[in-house]
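# Structural overview for review
Here is how the chains run, residue by residue.
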Amino acid sequence: MKIVASLILALTLAITISGMQGAVASPALRVDSTSININTLAGKLASVQSTPGLLVTLSNFLQQEADASDLAANPTPNTAITPTHVLSSNLDGSTVAAPDVTVNQDTLAATQNEPSIAVDPNNANRIVVGSNDYVTRTWSCVISGTPCSALGDGYSGTHYSNDGGQTWCCVATDPNNLGTLIPGVEHLTGGIYDAGGDSNVFFDNHGNVYFTGLGFDRTTPPNTVTISKGTFDTSGNLHWGSPTFIDPTTAPSTLNDKPWSTTDNNPASPFYGRIYVSWTRFIFNPHTGAYVQSPIIFTYSTDGGQTFSASQLIVGNVLYSQGSHVMVGPDGTVYVLWDGDTRLGSFDSAWVTKSTDGGDTWTQPIAVAPLVDIHSPQNSVFRVNSFPAGAVAPNGDVYSAWSTEALNTATSYGVDTTCFSSNTVCHAAVYWSKSTNAGVSWSTPQPAFTTLDASSRTAIGYPQAQPSGGTLNAPAAQRVDTFFPGVAIGPNGNVFVSSYAADVVSPWQRCAQPASPTAVGRINCLALDNYINNARLDYVVTDLTTSTTQTVTTHPINSRYQFGGGFIGDYTDLAVDSNNNFHAVWADTNNVQTVVWWYGFQFVPTTVHQQDIVSATGSF
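Model, not experiment: these values are computed from the prediction.

The rules behind the values
- Residues numbered from 1 in each chain as written.
- Predicted model: local features only at pLDDT ≥ 70, side-chain atom pairs only at ≥ 80, totals over all residues.
- Heavy atoms only, no water.
- Helix = DSSP H or I, 4+ residues; strand = E, 2+ residues; numbered from the N terminus.
- Rg over C-alpha atoms; globule rule 2.2 N^0.38 Å.
- Buried < 20%, exposed > 50% of the residue type's maximum accessible area, 1.4 Å probe, protein only.
- Contact = heavy atoms within 4.5 Å.
- Areas by Shrake-Rupley, 256 points an atom, 1.4 Å probe, with all protein chains shown as cover.
- Lys, Arg positive; Asp, Glu negative; His and termini not counted.
- Charge placed at Lys NZ, Arg CZ, Asp CG, Glu CD.
- Pairing = 2+ DSSP bridges.
- Polar contact = N/O pair within 3.5 Å; in protein donor to acceptor, adjacent residues only side chain to side chain.
- Phe/Tyr/Trp six-rings, centres within 6.5 Å; stacked < 30°, edge-to-face > 60°.
- Lys NZ or Arg CZ within 6 Å of the ring centre and 35° of its normal.
- Salt bridge = Lys/Arg side-chain N within 4 Å of Asp/Glu carboxyl O.
- Disulfide = S-S within 2.5 Å.
- pLDDT = per-residue confidence, 0-100.
- Axes fitted to C-alpha atoms, helices over the stretch in contact; angles between N-to-C directions.

Looking only at helices and strands, the protein chain has 5 helices and 37 strands in total. Here the C-alpha atoms of the protein chain give a radius of gyration of 23 Å, agreeing with the 25 Å that 2.2 N^0.38 yields for 620 residues. If one aligns the C-alpha atoms of the protein chain with their principal axes, the spans along those axes are about 65 × 60 × 60 Å. Residues classed as buried in the protein chain amount to 61% of the 620 residues present. Nonlocal contacts in the protein chain, meaning residues at least 24 apart in sequence, comprise 65% of its contacts between residues at least 6 apart. A total accessible area of about 20900 Å² is found for the protein chain, and carbon and sulfur atoms account for 51% of it. If the 20 positive side-chain charges of the protein chain are averaged to one point and the 44 negative ones to another, these points end up 7 Å apart.

What follows deals with the sheet that holds strand β21 (residues 389-392). One open sheet accounts for 4 strands, arranged β21-β22-β23-β24; its pairing is antiparallel. The open sheet is flanked by β21 and β24 (446-447), the only strands paired with a single partner.

Right, let's talk about the environment of I374 for a bit. For I374, the location among the structural elements is in the loop between β20 (366-371) and β21. A relative accessible area of 8% places I374 in the buried class. Separated by 53 residues in the primary sequence, I374 and H427 place their C-alpha atoms 7.8 Å from one another. Every residue in contact with I374, bar those within four places of it in the chain, is listed here: V384, N385, S386, S403, T404, E405, A428 and F483.

Okay, the side chain of T404 next. Among the structural elements, T404 can be located in strand β22 (residues 398-407). Here the side chain of T404 touches V372 through a polar contact of 2.8 Å, landing on its backbone nitrogen. Residues in contact with T404, not counting those within four places in the same chain, are L371, V372, I374, Y413, H427, A428, A429 and Y431.

In the structure shown here, the tally under the stated rule is 28 aromatic pairs. Taking 4.7 Å as the distance between ring centres and 75° as the angle between the ring planes, the aromatic pair formed by Y413 and Y431 counts as edge-to-face. Of the two residues, Y413 is situated in the loop between β22 and β23 (426-435) and Y431 in strand β23; the sequence distance between them amounts to 18 residues. Classification of Y431 by relative accessible area gives buried; the value is 8%. Measuring from centroid to centroid gives 5.0 Å for Y539 and W586, while their planes differ by 15°, and the two rings are stacked. A residue pair is termed long-range when its members are at least 10 positions apart, and Y539 in strand β30 (residues 525-543) and W586 in strand β34 (residues 582-588) qualify at 47 residues. Overall, Y539 belongs to the buried group, its relative accessible area being 0%. The rings of F382, F483, F484, Y500, Y539 and W586 are connected pair by pair, giving a single aromatic cluster. In this arrangement the basic side chain of R126 is found over the ring face of F232, its NZ or CZ atom lying 4.1 Å from the centre.

A few words on the pattern of salt bridges. It is possible for side chains of opposite charge to pair when their charged atoms get near one another. Per the counting criterion, the structure on display carries 12 salt bridges. E114 serves as the salt-bridge partner of K258, at 3.4 Å between the closest nitrogen and oxygen. Residue K258 is found in strand β12 (residues 254-263), and its partner E114 is found in strand β2 (residues 112-119); the two are separated by 144 residues along the sequence. For the residue pair K258 and E114, the accessibility class agrees, reading buried in each case. In this structure, D453 engages R479 in a salt bridge whose closest nitrogen and oxygen atoms are separated by 3.7 Å. Taken together, the residues D453 in helix α4 (residues 450-453) and R479 in the loop between β27 (471-472) and β28 (481-489) connect sequence positions 26 residues apart. By relative accessible area, which is 17% here, R479 ends up buried. Ionic contacts of the salt-bridge type, sharing partners, join the residues E65, D70, R137, D153, R218 and R522 into one network.

Attention now moves to the state of the cysteines. Under the definition given, this model contains 4 disulfides. In this model, C141 is linked to C148 through a disulfide, with the two sulfur atoms separated by 2.1 Å. An S-S torsion of about -125° defines the bridge between C141 and C148 as left-handed. We classify C148 as buried; its relative accessible area is 0%. When the bonded cysteines of the protein chain are numbered from the N-terminus onward, they pair as 1-2, 3-4, 5-6, 7-8.

What follows is about the environment of G213. Relative to the elements of secondary structure, G213 occurs in strand β8 (residues 209-216). A residue is classified by how much of its surface remains accessible, and G213, at 0% relative accessible area, is buried. Once the C-alpha coordinates of G213 and T224 are considered, the two residues, 11 residues apart in sequence, prove to be 8.6 Å apart. Ignoring sequence-local partners within four residues, the contact set of G213 consists of G197, D198, T224, V225, T226 and P259.

Attention shifts here to the environment of P556. By the element assignment, P556 lies in the loop between β31 (548-551) and β32 (557-558). Once the C-alpha coordinates of P556 and R457 are considered, the two residues, 99 residues apart in sequence, prove to be 12 Å apart. Setting aside residues up to four positions removed in sequence, P556 forms contacts with V504, R536, L537, D538 and N590.

In this model, the protein chain carries an average pLDDT of 93, and 95% of its residues clear a pLDDT of 70 or more. Below pLDDT 50 for its whole length, residues 2-33 participates in 95 contacts with residues either more than four positions away or in separate chains.

Across the sheet, 3 strands lie side by side as β2-β3-β6; this open sheet has antiparallel pairing. This sheet does not close on itself; its edge strands, each paired only once, are β2 and β6 (155-161). Pairwise comparison of adjacent strand axes, ignoring direction, gives a mean angle of 20° for this sheet.

This next bit is on the pairing of strand β36 (residues 601-609). Direction of pairing for strand β35 (residues 592-598) relative to β36: antiparallel, over a ladder of 6 bridges. The residue bridging V592 from the neighbouring strand is H609, located in β36. Hairpin connection, β35 to β36: the antiparallel pair is bridged by 2 residues, and Y599 has positive phi, about 55°.

Within the element layout of this structure, T606 appears in strand β36. For T606, a relative accessible area of 8% puts it in the buried group. Here the side chain of T606 touches V604 through a polar contact of 2.5 Å, landing on its backbone oxygen. For T606, the contacting residues outside a window of four places in its chain are P83, V86, I523, Q593, T594 and V595.

The structure is reproduced here in structure tokens:
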């Protein structure tokens with residue numbers, strides 16, 4: 001997100017946000033002499049990515065949704081596809097093994113990713129997980145001659161457990177059986193938007209659960225932040241109400257992205273029950289389509305999410321931002337963390353601002369620590385970020401964790417320009433810091449996973465004979481990358497941090513000729529290629545209080561499945577119940593299921609690795 005000083009002319013913050021139909025700041029940088037079509041999601045992405053010197057971009061989820069290459073017309077009459085080759089590896093599992101549990105319950109290889117998790121503060125056995133859910137891509141129903149799977153997209157999905165995460169409910173099979181898909185946002189759930197996602201879930205103190213996410217179209221401007229309230233009946237079944245749309249807009253100059261939310265559950269707080277939502281607002285010049293800025297926006301509700309306060313910009317001059325994370329202290333102080341930069345900043349930082357009056361006014365942002373936005377791990381292609389996570393302890397201490405590119409030779413925390421372009425002499429590492437004075441100052445950042453951070457990846461499956469001749473040998477030693485942190489704090493004050501760790505490398509055979517369109521090519525390869533080195537992931541949880549770490553995955557995760565290896569989400573998550581047990585969730589690809597319908601195309605039943613949400617429960 002570093003901005004070259006000469007990039008952007010004077011920016012005005014004339015942003016009318018309450019009841020917004022699209023906020024703009026002007027004048028803005030003109031990218032070139034040709035206006036950019038920012039009516040489409042792809043156009044907005046192109047505008048941001050073509051801004052010289054700018055490292056901020058749309059979230060990984062919106063980047064994935066902006067790719068319209070999978071929107072090819074379904075053949076008429078429909079002909080079921082028999083794949084020539086399905087890419088896979090005998091080094092991968094065929095099912096998620098106990099004690100880990102698969103959260104989503106679909107059986108036709110749908111994709112899920114970007115999970116968030118919440119535990120009822122008054123019922124340790126009741127857990128809700130939200131995620132991006134592509135289950136509608138597997139529906140075999142037809143609407144006006146079009147397969148439902150062609151109408152579906154990234155949707156807003158949830159699942160729940162009443163037994164502490166041992167079993168989960170439910171599965172959505174068609175528009176009349178939504179399972180726990182959030183109703184009223186996307187087309188096949190009775191809403192007006194093409195797609196939804198960027199999930200976040202939380203419980204209030206009365207057993208209600210809330211889902212916050214996005215609603216948007218790929219090819220037209222409308223988009224919104226959404227919030228839905230869920231209630232449990234006496235039999236333990238979860239029922240979702242109609243969504244509330246926060247600042248919906250039809251202006252192509254405005255795009256809402258990556259919301260996060262929480263509520264004040266402390267009865268002694270003067271703001272008890274207040275719901276808080278923060279998100280990124282990308283702003284574009286309506287005349288040229290040029291990217292202008294992306295501040296963090298904030299709003300709150302005092303009536304259980306039915307209505308919200310006038311939205312406000314809370315980041316001062318830190319206008320190039322992403323990945324906000326809102327949290328509440330025991331005294332009712334609201335904190336928002338994010339990854340961002342000022343116009344002339346040399347490095348990004350993890351920033352924090354706070355409100356002591358329930359979200360009405362905010363302090364000037366404070367940089368927790370500078371950082372270098374991380375690269376995709378060596379030998380991988382999925383998109384990553386340095387978004388922070390955090391939590392507030394019962395004693396009021398505030399914790400933040402984030403990933404930065406760190407020099408392999410570093411002996412203390414710092415940032416180095418070498419890491420802007422290198423993920424060989426640098427590696428991605430999760431660091432944490434805490435404040436004991438309500439966010440005014442922060443401790444020197446420390447690695448969350450000290451042993452892992454000092455380790456190199458384990459090579460498995462080598463040597464591998466190449467189809468074209470020769471042998472693929474294990475690559476040179478590479479430090480373990482850690483990224484997508486989650487933070488949670490137990491009632492006893494123990495502080496837990498979780499993340500992915502790219503701690504394994506193995507051979508992966510590429511496709512030389514994928515079938516067309518892209519959606520079909522993700523399953524059907526027409527000709528195989530040579531093997532390459534492929535980073536694989538485990539999921540780890542550490543207790544900062546005791547300095548112990550657990551690897552909770554039972555088998556390494558191969559990220560090359562489903563989205564061609566390009567997308568496993570923007571984040572993972574972690575929660576702690578009232579008994580001080582942690583509950584971790586992540587995207588995992590070790591399950592094998594059968595595809596029949598996908599993106600509007602019918603397949604002869606084909607076994608593939610899917611991308612699931614998987615959970616683990618544990619303690620230290």
